[in-house]
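# Structural description and commentary
In case you want the letters, here they are:
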Amino acid sequence: MPFSTRPTPASLRVLIVDDDAVSRSTAEALLSPMGYRLRSTASGEEALAAVAAETPDLVLLDVMMPGMDGFEVCRRLRERLREDYIPIILVTGMDDRHDILRGLEAGADDFLRKPLHGAELRARASNLLKVRAYHQILASERDHALATVEELRQQVLRADRLATLGTFAAGVSHELNNIAHVLRSALDLSDPAAPSDMRGGDLDPRELFTHVAKHVTELSRAILRIARPEEATLPEAEANLGRILEEVDQMLRLTGRTRHALVSLILPPEACLIRGNPVHAQQVFLNLLSNAADAVSNAREPSIEAGVRPRPDGRIEAWVRDNGPGIPADMVPRIFEPFFTTKGPGSGTGLGLPVVKQLVESWGGNIQVESHPGGGTRMVLVLPAARGS
């Protein structure tokens, strides 16, 4: 909150806790000139209930009370209000160093001795309320900074998905061109005016149209699975990595991204579930498999292996391996740096692997790189399994 909008005294709440009615009245009389909203309770139990009903801005707490003493009340308040800083002043008739140490360990901010002195009480209360106001400013700024970081994170995720869509656009264009060629051929076959040698003999135009229709449907579904930004904002759910890997493999084949390579999937019979958004899991596999496809583009016998399996330690392992040229040793430490890429100009954004690392770590996992020149690359994800999977 900006300094200019700090709370006014009339909006500040002070809770007075003391089992002695005279002491409560005295504290109220001494603080009333400050214009605070005052509330009094006669026991520790009542104080905890009052705080649960309405959080105060300052607590004036007597130490010597029957039942739950001030030290215990202070400790419980600190546990209950862990996320919110509330100043606590302990009021005591003792002057023992051991008791002061107990109060500090319980979470007290200041001490006052009975009988209370009005000017001292008001000064200390005022100072601690200023400290609380500064804490609230810092908390507000922290929340704003965290919200900004999250927004930037979402922007990076969206940028990476747009880059993925752009890469797929060329493949989709190629596929649509092939489909158009098949449709023209089917139309020629179905044209009664066409010469008999152009009607395709035993070919049935209806079968061609059916095949084209299925292919277009599969292609459109693949594109929709890639471009689902609204699903990426859903609360985290469970993602079945095996099924998602199969979907991504189908997308890449349908759009021609991996047709030049032999892609092998190694999937377990059981579901491998993680706590994570399925769209984000899809994004991870799209990046890793696309990178592998690029890596083997010039290989003599290009091959990619991808798989998922449960580990003996209860976690889940997923990997993508290629037989490409590998990554030079001096570049391996840099591949997760934003905007760093080993691809040529116009061939990569440098966002793919940083996004993968960010998502994997947000699931509580880690990513490992196994690569050496001439020996291909293996990217390994180790992730915590969803509870019960």
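Quick caveat, the model's predicted, so the values are computed rather than measured. Residue numbers here run from 1 along each chain, matching the order of that chain's written sequence. For a predicted model such as this one, the threshold for reporting local features is a pLDDT of at least 70, and the threshold for listing and counting side-chain atom pairs is 80 or more; totals across whole chains, interfaces and linings nevertheless cover every residue. Side-chain metrics in this entry use all non-hydrogen atoms of the structure; hydrogen atoms and water are not considered.

### Observations regarding the overall build of the protein
The helix and strand inventory of the protein stands at 9 helices and 12 strands. For the exposure calls, accessible area comes from a 1.4 Å probe over protein chains only, and a residue counts as buried if that area is under 20% of its type's maximum, exposed if over 50%, partly exposed in between. By residue count, 40% of the 389 residues in the protein fall in the buried class. If you sum the accessible surface of the protein, you get close to 20,800 Å²; carbon and sulfur atoms cover 55% of it. Put simply, DSSP H or I for four residues or longer makes a helix, DSSP E for two residues or longer makes a strand, and each gets a number counted from the N terminus. Exposure was quantified through the Shrake-Rupley algorithm and a 1.4 Å probe, taking into account, for residues, occlusion by the shown protein chains and nothing else.

### Quick notes on the sheet that holds strand S10 (residues 315-322)
Between any two strands, pairing holds if DSSP finds at least two bridges. Strands sit in the order S7-S9-S10-S12-S11 across an open sheet of 5 strands; the sheet is mixed. A single partner strand is all that each edge strand has here, and the edge strands are strand S7 (262-266) and strand S11 (366-371). Across the sheet, the mean angle separating the axes of adjacent strands is 10 degrees when strand polarity is ignored. In terms of strand pairing, strand S9 (residues 303-310) meets S10 through 7 bridges, oriented antiparallel. Bridge assignment links Glu-305 to a residue of S10, and that residue is Arg-321. Most of the contacts of helix H7 (residues 241-254) go to S9, to which it runs at about 160 degrees, and overall it touches S7, S9, S10 and strand S12 (377-384). Only heavy atoms enter the contact rule, under which two residues are in contact if any of them lie within 4.5 Å. Fitted lines through C-alpha atoms serve as axes, helices being fitted only where they are in contact, and the angles separating the N-to-C directions of these axes extend from 0 to 180 degrees. Running at roughly 25 degrees to S10, helix H8 (residues 278-295) makes contact with S9, S10 and S12 of the sheet.

### Description of the pattern of salt bridges
Salt bridge criterion: a side-chain nitrogen from Lys or Arg within 4 Å of a carboxyl oxygen from Asp or Glu. All chains considered together, the criterion is met by 24 salt bridges. Among the salt bridges present, the one from Glu-79 reaches Arg-75, with a minimum N-O distance of 2.7 Å. Of this pair, Glu-79 and Arg-75 both sit in helix H3 (residues 70-80), separated by 4 residues, roughly a single helical turn. Given the relative accessible area of 33%, Arg-75 is considered partly exposed.

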